[in-house]
Amino acid sequence: MTIQREMIPARPAPGSTIGPIAWLRANLFSGPVNTVFTLLGLYLLYLLLVPTIQWAFIDADWIGTSRADCSREGACWVFINARIGQFIYGLYPGSEIWRVNLTFAVFAALIAWLAIPRLPFKRWVAVLTLVAFPLLAYFLLYGGHFGLRVVETHRWGGLTLTLILAVVGMVGALPIGILLALGRRSQMPIVKSFCVVFIEFWRGVPLITVLFMASVMLPLFMPTGVSVDRLIRAFIGITLFQSAYMAEVIRGGLQAIPRGQEEAAAALGMTYWKRMGLIVLPQALKMMIPGIVNTFISLFKDTTLVMIIGLFDLLGIVQAALSDSRWLGFALEGYVFAAFMFWIFCFSMSRYSQYLERKLHTGHKR
Amino acid sequence: MSVRPQARPAGPKPPFWRDRAKRALIFQLLLVAAVAAFLLYIIGNTQANLSARGITTGFGFLNNTAGFGIVQSLIDYSSQSTYGRTFVVGLLNTLLVSALGVLAATIIGFTVGIARLSPNWLIARLANGYIEIFRNIPLLLQIFFWYFAVLRAMPAARDSLSIGEVIFLNVRGLYLPEPLFESGFGLIPLAFGVAVVASIALVIWNRRRHEATGKRLPAGWISLALILGLPMLVLVATGVPVTWDVPELRGFNFRGGITVIPEFLALWLALSIYTASFIAEIVRSGIQAIPHGQTEAAQALSLPRNLVLRLVVVPQAMRVIIPPLTSQYLNLIKNSSLATAIGYPDLVSVFAGTTLNQTGQAIEVIAMTMAVYLTISLLVSMFMNWFNARVALVER
């Protein structure tokens with residue numbers, strides 16, 4: 001009989017349970033059915049990726065000025081290159097493009113400030129974004145003051161117009177949405193039913209009929225002789241439509257705040273607006289940010305519909321460029337470019353909203 | 001909320017704006033007055049504008065001859081038909097693409113949503129890629145892609161792509177063989193009806209027997225066999241009274257069979273693929289919302305894996321899935337109005353588009369169009385509320 005006096009050194013785990021081989025086994029080839037699925041998936045990936053990469057990168061033409069520079073075997077990115085200015089700025093006059101750039105630089109800075117959790121003074125920056133920035137954007141983009149030349153709205157287009165429509169729709173819809181949501185929870189029967197009808201009406205009809213209505217019926221509603229700019233009509237339609245969706249998101253946030261909060265505030269003798277403005281809304285708005293970002297994403301995608309009433313947003317201007325006789329037959333390139341631009345914006349926003357949801361999950365989950 | 005004291009303390013009566021009930025009344029009266037004033041202002045302006053343009057209001061225009069053709073219609077329609085009939089044709093086309101879109105989106109969405117949860121890493125990644133790509137690209141762009149970049153780039157009729165020389169795809173659309181029913185075919189729907197009734201009876205009987213004795217038959221499989229088998233049996237017994245009208249190339253175009261126009265195909269594909277990406281997310285989060293303890297408890301009762309899914313996980317997940325699923329169906333129906341961008345003759349395209357332009361009856365046409373979508377929305381949400389109440393958790 002022997003006595004083991006030293007510790008037996010730990011043996012390495014069996015080769016079949018660690019490392020890439022084990023991973024492959026557990027995740028891809030854990031059984032006959034799984035193996036078949038994996039092989040099918042690989043084949044599908046091969047079918048999709050190889051021609052796509054071949055078309056978009058290997059056979060593609062990148063440099064040149066006209067369609068003669070394209071070999072027609074792969075994608076012709078020359079087309080996008082030649083038109084990129086229009087796709088981004090529309091028909092905005094070339095010498096004034098700095099105004100667009102400046103507007104979006106300011107906007108990006110404000111949004112970045114709001115989006116990064118560590119930075120202070122969030123409330124003031126939010127007020128600045130919602131109140132001061134729209135005025136600044138108006139003076140910069142439209143001009144007519146401070147020696148800036150007027151740029152008519154029919155020259156606005158491309159990605160610029162897409163962003164303007166989405167941001168204006170959002171900034172306009174937020175206050176209306178808050179009022180509607182509060183009205184829907186109100187105990188006054190007429191106010192409540194008015195808000196319910198308003199919200200359900202706009203949520204029940206497609207945006208395209210709203211835009212048709214704004215472009216055809218709005219001129220009829222105005223006093224004779226008053227005409228409304230086409231872009232303003234789109235703004236009105238989008239804002240009304242969006243405010244209904246916003247109201248539902250805000251209502252969801254309001255419902256998540258325990259009733260005791262409002263009752264405690266009432267017990268302290270606060271008036272309705274103080275209870276809402278100081279106690280309920282600040283807590284609710286914070287929890288609603290993911291929902292608000294999600295409605296903003298769908299608004300951002302929905303702005304493409306304005307091309308049906310004759311405005312040239314990013315998709316509209318790509319579509320118009322496709323019918324240029326010098327560049328016929330590049331529909332695929334045009335759509336892939338537009339899809340890529342939209343995808344980048346929407347995907348990053350949805351990632352941000354998921355991050356926020358995870359962050360907000362900690363305390364409030366019930 | 002506010003508990004009023006029984007007796008008012010002595011002192012002067014507080015002014016009326018301190019009384020909550022009176023304040024609410026005044027506030028609501030003001031709101032009504034503001035809305036009424038706004039409406040009166042708009043109606044006044046509209047009447048002035050309409051008389052200035054010489055447009056008469058009313059729905060009389062629905063009886064006028066439309067004078068334009070529609071490329072796809074489910075009922076008899078010619079350019080001699082009235083605007084009223086145009087409305088019906090558009091409505092039916094909207095319902096057709098919505099119904100088929102809902103069907104396809106549900107199938108793709110559930111498949112991708114379940115694949116997203118697959119233990120197979122590659123399958124889960126592929127499903128995730130599908131979801132992230134298609135839900136972050138605007139629907140209109142996807143419709144344009146399918147229509148202009150794919151279907152409009154198909155070869156001409158002469159060089160059609162074909163599957164077994166029976167189904168053809170070219171720039172003018174998809175050509176499918178059409179079944180022609182001969183006499184004696186009526187027995188098959190009859191057999192189908194009998195099978196459905198018998199299956200329902202079987203399921204009810206099986207449930208009663210199960211509750212009374214604890215024994216059960218695999219009623220689902222028997223019903224499936226009945227519903228599929230009985231019509232098949234009759235089909236064979238009557239000597240297959242169906243002939244297929246296969247499309248044929250004559251001259252420059254195909255004749256015979258069913259023609260699916262490319263506008264329909266593009267819209268249907270885009271709607272299904274786009275909505276499916278949202279449905280997949282709903283299905284995934286619905287299944288993940290079921291606590292793992294439920295599965296473990298079911299396994300502890302030694303239920304087999306398929307019964308764990310069928311009796312424990314899926315019924316609970318459906319409760320979470322159905323409300324957002326409804327709103328996706330409604331979105332799909334509303335989004336089908338994008339048809340107007342590629343010229344598929346749906347309600348918005350032929351009625352709020354062509355008819356509006358020809359007659360100038362903006363208010364009537366837009367109101368009718370919006371009323372249709374509102375009605376559909378209300379009906380679907382009423383049905384889903386009813387369904388939801390049926391499957392809702394019965395709380396203690």
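Since the model is a prediction, treat every value here as computed from it, not as a measurement.

Draft legend 1. Here's a closer look at the overall build of chain A. Looking only at helices and strands, chain A features 14 helices and zero strands. By its C-alpha atoms, chain A is 105 × 75 × 40 Å across when sized along the principal axes. Taking all 366 residues of chain A together, 31% fall into the buried category.

Draft legend 2. Main features of the confidence of the model for chain A. Residue-level pLDDT values for chain A average 84, and 98% of them are 70 or greater. At the level of individual helices and strands, chain A shows its lowest average pLDDT in helix α1 (residues 19-27) of chain A, which scores 80, and its highest in helix α11 (residues 259-267) of chain A, which scores 90.

Draft legend 3. Structural detail: the UniProt feature "transmembrane region" (unreviewed entry) in chain B. Residue and element names in this part refer to chain B. The sites that UniProt annotates as "transmembrane region" (unreviewed entry) are residues 24-43, 55-75, 87-112, 133-151, 184-205, 217-244, 264-283 and 365-387. Helix makes up 84% of residues 133-151 and strand 0%, and the two end C-alpha atoms of the span are 21 Å apart. Along residues 365-387 one finds 100% helix and 0% strand; the C-alpha atoms at either end are 33 Å apart.

Draft legend 4. The nonpolar core, seen in detail. L211(A), A338(A), L140(B), L141(B), I143(B), L267(B) and A270(B) are the most contacted members of the largest nonpolar core, which has 146 residues in total. In terms of residue count, helix α7 (residues 262-288) of chain B provides more of this core than any other element does, 15 residues in total. Once you skip the residues sitting within four places of it in the chain, I143(B) turns out to touch A266(B), L267(B), A270(B), L338(B), A341(B) and I342(B).

Draft legend 5. Looking closely at the interface of chain B and chain A. With 47 residues of chain B at the interface, the matching set in chain A holds 44 residues. Contributions of two or more residues to the side of chain B that touches chain A are made by α1 (20-53), α3 (121-135), α4 (139-151), α9 (305-335), α10 (347-359) and α11 (362-391) of chain B. In terms of residues, the side of chain B that touches chain A owes the most to one element, α1(B), which gives twelve residues. In the side of chain B that touches chain A, the residues fall into 34 nonpolar, eleven polar and two charged.

Draft legend 6. Just the environment of M276(A), in detail. All names here are of chain A. Here M276 is to be found in helix α12 (residues 272-302). In this structure the C-alpha to C-alpha distance between M276 and L254, which are 22 residues apart in sequence, comes to 9.8 Å. Every residue in contact with M276, bar those within four places of it in the chain, is listed here: L182 and L281.

Draft legend 7. Region of interest: the UniProt feature "domain: ABC transmembrane type-1" (unreviewed entry) in chain A. According to UniProt, the positions carrying the feature "domain: ABC transmembrane type-1" (unreviewed entry) are residues 159-353 of chain A. Secondary structure over residues 159-353 of chain A splits into 79% helix and 0% strand, and the C-alpha atoms at its two ends are 22 Å apart.

Draft legend 8. Fine view of helix α2 (residues 32-58) of chain A. Between the first and last C-alpha of α2(A) there are 37 Å, a value that for 27 residues agrees with the 39 Å anticipated at 1.5 Å per step. Among all positions in α2(A), only N34(A), F37(A) and G41(A) are buried. Next to the buried residues of α2(A) lie α3 of chain B.

Draft legend 9. Molecular detail of the UniProt feature "transmembrane region" (unreviewed entry) in chain A. Residues and elements named next belong to chain A. On the UniProt side, "transmembrane region" (unreviewed entry) is annotated at positions that read residues 33-53, 98-116, 123-141, 161-182, 194-221, 276-297, 304-322 and 328-349 here. Taken end to end, residues 276-297 is 100% helix and 0% strand, and its first and last C-alpha atoms sit 27 Å apart. Summarising residues 328-349: 86% helix, 0% strand, and an end-to-end C-alpha distance of 34 Å.

Draft legend 10. Inspection of the sheet that holds strand β3 (residues 173-176) of chain B at higher detail. Residue and element names in this part refer to chain B. Strands sit in the order β1-β2-β3-β8 across an open sheet of four strands; the sheet is antiparallel. The open sheet is flanked by β1 (161-163) and β8 (258-260), the only strands paired with a single partner. Pairwise comparison of adjacent strand axes, ignoring direction, gives a mean angle of 15 degrees for this sheet. In this sheet, β3 lies alongside strand β2 (residues 167-170) in antiparallel orientation, the contact comprising three bridges. Bridging across to β3, L169 finds its partner in L174.

About the thresholds
Residues numbered from 1 in each chain as written. Chains lettered and ligands numbered in written order. Predicted model: local features only at pLDDT ≥ 70, side-chain atom pairs only at ≥ 80, totals over all residues. Helix = DSSP H or I, 4+ residues; strand = E, 2+ residues; numbered from the N terminus. Buried ≥ 20, exposed ≤ 12 C-beta atoms within 10 Å, placed from the backbone. pLDDT = per-residue confidence, 0-100. UniProt positions renumbered as here; feature names shortened; annotations may be inferred. Core = buried A, V, L, I, M, F, W, Y, C linked by C-beta atoms within 7 Å. Contact = placed C-beta atoms within 7 Å. Nonpolar A, V, L, I, M, F, W, Y, C, P; charged D, E, K, R; others polar. Expected span 1.5 Å × (residues − 1). Pairing = 2+ DSSP bridges. Axes fitted to C-alpha atoms, helices over the stretch in contact; angles between N-to-C directions.

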